[in-house]
Amino acid sequence: MNARDVAVALLRLMPDSIFVSSLGTATSALRAASHDGPHFYLGGAMGSALPAAMGVADALPQASVVALVGDGELLMSTGMLWSLSAYRPRNLIVVVLANGVYGITGGQPLPLPGGFVQAAESLGVIAARRVASEEGVREALAELGRPALIEAKVDQDGWPGPSPFVDPAAVRVAFRTRVDALAERRV
Amino acid sequence: MILENDAAECPHDWQQIIAATLHERGVTAAAYVPDTRLDGILVRLGQLGTSLRSLSREEECIGYACGQLMAGARAAALFQSSGLGNAVNALAGLAVPYRLGVPLIISMRGTLGEANPSQIPGGRIVVPILDALGIQSFMVRRADEVGQVVAGVLTLCFDAHESAAVLLGPELEGCRERA
């Protein structure tokens, strides 16, 4: 799979979910796969996507929330696995694009790639699985409880989509418009 | 968990005022890294029904609050000044450019009366860091000024969409410093 394949599969399987994507590869892949849909794209603040996703999930308990994050990104916020285990948001799933490199900075290798599934499972709360195909993504989404972590192996190179340098104001307005529409639908 | 215990104490008036003001302005979630002087605020917030999240780093608190604000809820981040450095990337790359108006309640260390040398450089850089980020900060030293300052900071955050900080000075009751 490439990063865009993962994003396409997630959007097809969870079309109503709200996505929060980390800077770089994840935001670029989600932008491409969703045709710049109304998601929460981060353009900076490496390590902040997962806490932001947990904030969205807690604020919108009726919504399904997906944190689409790079593996380098998650290395910077591994403490969040403890936070997820402590507070157990039942509407949040973490999908790690595990390509083993820091894509946005030039493809430098992570010193020790992978390990996210073992780390999550060791805490005893987060359902976790490693997948390497779109079918694997589908099965994991169907079978894992929440909160969950899916480590999606990305083994095809290539930049997944448009620039990850998003306009924060445009992202905020589009996202809030979608959230307001969700709220109106529930009234 | 002690902060969710109704019997836990909120011993100081200024702590109760901060909690009440946050609650009155619609704050429904608070993300924090623990600090002795914040405990009383958090106890009262918990009693008022605020969702409390003890997170592992200060930048997580910023990210979490930003997620809440993006989703249309109101949240605040509370931590000790020694952790502000941990939060800079989340402030600079998320809260500020996305204009999410995160209220920061920062318990000051490393200033008047500080006995720990390792806290002092961190205390000196709080205001310069916030200034460099364009985040206005307001030191409170007396209980009778807390309500007005917190209310004003929340207006900056929720109406003007500018992150702003309340700095809890060591002169307030309940500090470990010998001010």
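Residues numbered from 1 in each chain as written. Chains lettered and ligands numbered in written order. Predicted model: local features only at pLDDT ≥ 70, side-chain atom pairs only at ≥ 80, totals over all residues. Heavy atoms only, no water.

(A) A look at the overall build of chain A. A count of helices and strands for chain A gives 8 helices and 8 strands. Relative to its length of 187 residues, chain A is compact, with a C-alpha radius of gyration of 15 Å against a globular reference of 16 Å. Per-residue burial for chain A yields a buried fraction of 55% across its 187 residues. Restricting to contacts in chain A with at least 6 residues of sequence separation, those with at least 24 account for 71%. Carbon together with sulfur atoms contributes 53% to the accessible area of chain A, which is approximately 7600 Å² in total. (Helix = DSSP H or I, 4+ residues; strand = E, 2+ residues; numbered from the N terminus. Rg over C-alpha atoms; globule rule 2.2 N^0.38 Å. Buried < 20%, exposed > 50% of the residue type's maximum accessible area, 1.4 Å probe, protein only. Contact = heavy atoms within 4.5 Å. Areas by Shrake-Rupley, 256 points an atom, 1.4 Å probe, with all protein chains shown as cover.)

(B) Quick peek at the overall build of chain B. In terms of helices and strands, chain B carries 7 helices and 6 strands. For chain B, the N- to C-terminal ordering of α and β elements is α-β-α-β-α-β-α-β-α-α-β-α-β. For a compact globule of 179 residues, the expected C-alpha radius of gyration is about 16 Å, and chain B comes in at 15 Å, within 12% of that figure. Overall, the C-alpha framework of chain B stretches about 40 × 40 × 30 Å when taken along its three principal axes. A buried classification covers 55% of the 179 residues belonging to chain B. Across chain B, contacts joining residues at least 24 apart in sequence account for 75% of those joining residues at least 6 apart. For chain B, the accessible area works out to roughly 6900 Å², and carbon and sulfur atoms hold 49% of it. Both charge centroids of chain B, one from 13 positive and one from 19 negative side chains, sit 3 Å from each other. (Lys, Arg positive; Asp, Glu negative; His and termini not counted. Charge placed at Lys NZ, Arg CZ, Asp CG, Glu CD.)

(C) Inspection of the sheet that holds strand β2 (residues 40–41) of chain A at higher detail. Residues and elements named next belong to chain A. Taken in spatial order, the 6 strands line up as β2-β1-β3-β4-β8-β7 in an open sheet, and their pairing is parallel. The open sheet has two edge strands, β2 and β7 (127–131), and neither has a second partner. Bridge count between strand β3 (residues 65–70) and strand β4 (residues 92–98): 6 bridges; the pairing is parallel. Each residue of the ladder has a partner; that of G70, found in β4, is L97. (Pairing = 2+ DSSP bridges.)

(D) Region of interest: the interface of chain A and chain B. Taken together, the 28 residues of chain A in the interface contact 25 residues of chain B. Carbon and sulfur atoms make up 61% of the area that chain A and chain B hide from each other, which totals about 2100 Å². Sorting the residues of chain A by area buried against chain B places Y87, P168 and R172 of chain A first, and these three jointly supply 27% of that buried surface. Applying the counting rule to chain A against chain B returns 1 salt bridge. The salt bridge involving D58 of chain A is made with R53 of chain B; its shortest N-O contact spans 2.9 Å. Where chain A packs against chain B, one counts 10 residue pairs in polar contact (both at pLDDT 80 or more). For the side of chain A that touches chain B, the secondary structure elements donating two or more residues are β2, α3 (49–59), α5 (79–87) and α8 (168–186) of chain A. (Buried area = accessible area lost by both parts, 1.4 Å probe. Salt bridge = Lys/Arg side-chain N within 4 Å of Asp/Glu carboxyl O. Polar contact = N/O pair within 3.5 Å; in protein donor to acceptor, adjacent residues only side chain to side chain.)

(E) Broad picture of the confidence of the model for chain B. Residues of chain B with pLDDT of at least 70 account for 93%, and the chain-wide mean is 93. Prediction confidence for the complex, expressed as pTM and ipTM, is 0.96 and 0.97 respectively. (pLDDT = per-residue confidence, 0-100.)

(F) Broad picture of the pairing of β7 of chain A. Residues and elements named next belong to chain A. Taken together, the 5 bridges between β7 and strand β8 (residues 148–153) define a ladder with parallel strand orientation. Residue pairing in the sheet places A128 in a bridge with L149 of β8. Between the parallel elements β7 and β8, the chain passes through helix α7 (residues 134–143) in a crossover that is right-handed. (Right-handed = clockwise from strand over helix to strand, strands pointing away.)

(G) Examining the pattern of salt bridges more closely. Residue and element names in this part refer to chain B. A full pass over the atoms with the stated rule returns 13 salt bridges over all chains. Between R57 and E59 there is a salt bridge whose closest N-O contact spans 2.9 Å. Accessibility expressed as a relative area gives 8% for E59, which makes it buried. Between E171 and R141 there is a salt bridge whose closest N-O contact spans 3.3 Å. Of the two residues, E171 sits in the segment after β6 (164–168) while R141 sits in the loop between β5 (136–140) and α7 (143–158), which places them 30 residues apart along the sequence. Look at R141 and you get partly exposed, because its relative accessible area is 43%. Look at the salt bridges and you will find they share partners, linking R142, D144 and E145 into a network.

(H) Inspection of the state of the cysteines at higher detail. Residue and element names in this part refer to chain B. Summed over the entire model, instances satisfying the criterion amount to 0 disulfides over all chains. C61 forms no disulfide, and the closest cysteine sulfur to it belongs to C66, at a distance of 11 Å. There is no disulfide at C66, and the cysteine sulfur nearest it, in C157, is 11 Å away. (Disulfide = S-S within 2.5 Å.)

(I) Representation of the packing of aromatic side chains. Residue and element names in this part refer to chain A. Scanning all chains against the criterion turns up 2 aromatic pairs over all chains. Aromatic side chains F40 and F175 sit 5.6 Å apart centroid to centroid with 50 degrees between the ring planes, which places their arrangement in the tilted category. Here F40, found in strand β2, pairs with F175, found in helix α8; they are 135 residues apart in sequence, far enough to count as distant. Residues F40 and F175 agree in their burial class; the two are buried. (Phe/Tyr/Trp six-rings, centres within 6.5 Å; stacked < 30°, edge-to-face > 60°.)

(J) Broad picture of the packing of helix α1 (residues 13–24) of chain B against α7 of chain B. All names here are of chain B. Direction vectors running N to C along α1 and α7 enclose 25 degrees, while the axes themselves pass 9 Å from each other. The orientation of α1 with respect to α7, classified from their angle, is roughly parallel. For the crossing formed where α1 meets α7, the hand is right-handed. Here W14, I17, I18, T21 and L22 of α1 lie close against α7, whose contacting residues are A143, V146, G147, V150, A151 and L154. Per-class residue counts for the contact of α1 with α7 are 9 nonpolar, 2 polar and no charged. (Axes fitted to C-alpha atoms, helices over the stretch in contact; angles between N-to-C directions. Parallel < 35°, antiparallel > 145°, perpendicular 65-115°, else oblique. Left-handed = near helix turned anticlockwise from the far one by under 90°. Nonpolar A, V, L, I, M, F, W, Y, C, P; charged D, E, K, R; others polar.)

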